[in-house]
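What follows is the residue order along each chain.
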Amino acid sequence: MDFFEKLWTLIEYFILGLVQGITEPIPISSSGHLIIFRELFGIEAEGLSFEIFVNFASLLAVLVIYREDIIRLIKNGYLFVFKKEDAAKDDFRFIVYLVIATIPVGVVGVLFGDAIGEALSSTKVVGYTLLITAVALWIIRNLRGRKNDGDLSTKDAIIVGLAQTVAVTPGISRSGATIVGSMLVGMKQDTALRFSFLLYIPVSLGTGLLEIPDLIQSPEFQTMLIPHIIAFITTFIATYFALKWFMGIMAKGNLKYFSYYCVIVGLLVIFFL
């Protein structure tokens, strides 16, 4: 591999990291956009394993942004379980609901995740699933829920968990699916956003712990270590700033613009890729 080939490889992985980082927190499907950009630029990477690797970088960014919520939940969960403090009950219940909402996607992912990813990873499929995402976002564009963290129920957690399973399909945004599910059951915007991204943690952590060791041990990873590191760092930085930006968007209730975007990109993909 000569100098220019190595340079282009670094640029390719930088692009993939940037695409993953920007699109992971916002409801336009990071997996779908990775497929589109690979098709547009002829970029090759280690398939699903690479996506899980950069998803892990996004996870770290989410952990940094929601670190105070995570610390509070862990602390109050401990206080309720071992100290029986009633003031910590709502946070303990919130943890339980996160666990309940994680179960459906865990089951579907283990049983069917690889098969779905391989069968539905074409650009045409991504085009159509982006249109589905657009419709879902349009439906909730004007919703203003009333439920705070302490107002959630087991039913709410199950519905959001089932919504998340739909995002196993490339082109269906995970954040979009969970935010749509959360707002349909009546959560306020900030509660829906917090529940969605705290729910992202066990899912991403679980898949990362299972898949990343195999990726790191593969010969392809060893020979492409620097490009992978570049993609990882780029993803982390881009996810951090994209999520901060999206939090402001959610506060203003401007989800309709993401619906417009998904329609435009979906139609372009269907007709031109």
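Residues numbered from 1 in each chain as written. Predicted model: local features only at pLDDT ≥ 70, side-chain atom pairs only at ≥ 80, totals over all residues. Heavy atoms only, no water.

**Q** Please clarify how the nonpolar core should be interpreted in this entry.
**A** A general feature of soluble globular proteins is that nonpolar side chains tend to end up buried together. Tyr66, Ile179, Phe195, Leu198, Phe246, Leu255 and Phe258 are the most contacted members of the largest nonpolar core, which has 44 residues in total. Counting residues per element, this core draws most heavily on helix H9 (residues 189-217), which supplies eight residues. Val19, Leu34, Phe221 and Met224 belong to the second-largest nonpolar core, a separate cluster that totals 15 residues. (Core = buried A, V, L, I, M, F, W, Y, C linked by side-chain atoms within 4.5 Å. Buried < 20%, exposed > 50% of the residue type's maximum accessible area, 1.4 Å probe, protein only. Helix = DSSP H or I, 4+ residues; strand = E, 2+ residues; numbered from the N terminus.)

**Q** Got a minute to help me understand the packing of helix H6 (residues 123-139) against helix H12 (residues 256-272) in this structure?
**A** For any two helices packed against each other, the geometry comes down to the angle between their axes and how far apart the axes lie. The geometry of H6 relative to H12 is characterised by a closest axis approach of 8 Å and an angle of 160° between their N-to-C directions. One element, H6, and the other, H12, form an angle in the roughly antiparallel class. Here H6 and H12 pass one another in a crossing that is left-handed. Residues Thr123, Lys124, Gly127, Tyr128, Leu130, Leu131, Thr133, Ala134, Leu137 and Trp138 of H6 pack against Lys256, Phe258, Ser259, Tyr260, Cys262, Val263, Val265, Gly266, Leu267, Val269, Ile270 and Phe271 of H12. (Axes fitted to C-alpha atoms, helices over the stretch in contact; angles between N-to-C directions. Parallel < 35°, antiparallel > 145°, perpendicular 65-115°, else oblique. Left-handed = near helix turned anticlockwise from the far one by under 90°. Contact = heavy atoms within 4.5 Å.)

**Q** For this particular structure, what's the right way to read unusual backbone geometry?
**A** Glycine aside, a negative phi is what most residues show, and trans is what most peptide bonds show. If you check the backbone angles, serine 29 has positive phi at about 75° while not being a glycine. Relative to the elements of secondary structure, serine 29 occurs in the loop between helix H1 (3-23) and helix H2 (30-41). At lysine 84, a position not held by glycine, the phi torsion is positive, near 55°. Tracing the backbone through its elements, the reader meets lysine 84 in the loop between helix H4 (67-83) and helix H5 (89-119).

**Q** Would you take a moment to explain a nonpolar patch on the surface for this structure?
**A** A cluster of nonpolar side chains, namely Phe3, Phe4, Leu7, Trp8, Ile11, Leu40 and Phe41, defines an oily patch on the protein surface of about 740 Å² accessible area. Where the nonpolar patch is concerned, the elements lending two or more residues are H1 and H2. Among the elements that take part in the nonpolar patch, H1 stands out by supplying five residues, more than any other. Considering the arrangement of structural elements, one finds phenylalanine 4 in helix H1. (Patch = residues over 30% accessible without salt bridge, like charges linked within 9 Å, V, L, I, M, F, W, Y side chains within 5 Å. Areas by Shrake-Rupley, 256 points an atom, 1.4 Å probe, with all protein chains shown as cover. Salt bridge = Lys/Arg side-chain N within 4 Å of Asp/Glu carboxyl O.)

**Q** Which parts of the structure should I look at to understand the environment of phenylalanine 236?
**A** Position of phenylalanine 236 among the secondary structure elements: in helix H11 (residues 225-252). Counting along the chain gives 211 residues from phenylalanine 236 to proline 25, while the straight-line C-alpha distance between them is 11 Å. Contacts of phenylalanine 236, omitting those with residues within four sequence positions, involve Ala57, Leu60, Ala61 and Val64.

**Q** How should I be thinking about the packing of H9 against H11 in this particular structure?
**A** One way to put it is that H9 packs onto H11 with a least axis distance of 12 Å and a crossing angle of 170°. One finds that H9 runs roughly antiparallel with respect to H11. Considering the relative orientation of H9 and H11, their crossing is right-handed. Between H9 and H11, the residues in contact are Gln189, Leu193, Phe197 and Leu215 and His228, Leu243, Phe246, Met247 and Met250, respectively. When grouped by side-chain class, the residues that make up the contact of H9 with H11 number seven nonpolar, two polar and no charged. (Nonpolar A, V, L, I, M, F, W, Y, C, P; charged D, E, K, R; others polar.)

**Q** When you look at the packing of aromatic side chains in this model, what are you seeing that I'm missing?
**A** Any pair of aromatic rings gets described here by the distance separating the centres and the angle formed by the planes. One pass over the structure, following the stated rule, counts 10 aromatic pairs. With a centroid separation of 6.4 Å and 15° between ring planes, the pair formed by tyrosine 66 and phenylalanine 197 is classed as stacked. Taken as a pair, tyrosine 66 in the loop between helix H3 (47-65) and H4 and phenylalanine 197 in helix H9 lie far apart in primary sequence, 131 residues in all. Measuring from centroid to centroid gives 5.9 Å for tyrosine 257 and tyrosine 260, while their planes differ by 80°, and the two rings are edge-to-face. Linking tyrosine 257 with tyrosine 260, this pair stays in helix H12, spanning three residues, or about one helical turn. Three or more aromatic residues joined by ring pairs make a cluster, and in this case those are Trp138, Tyr257 and Tyr260. (Phe/Tyr/Trp six-rings, centres within 6.5 Å; stacked < 30°, edge-to-face > 60°.)

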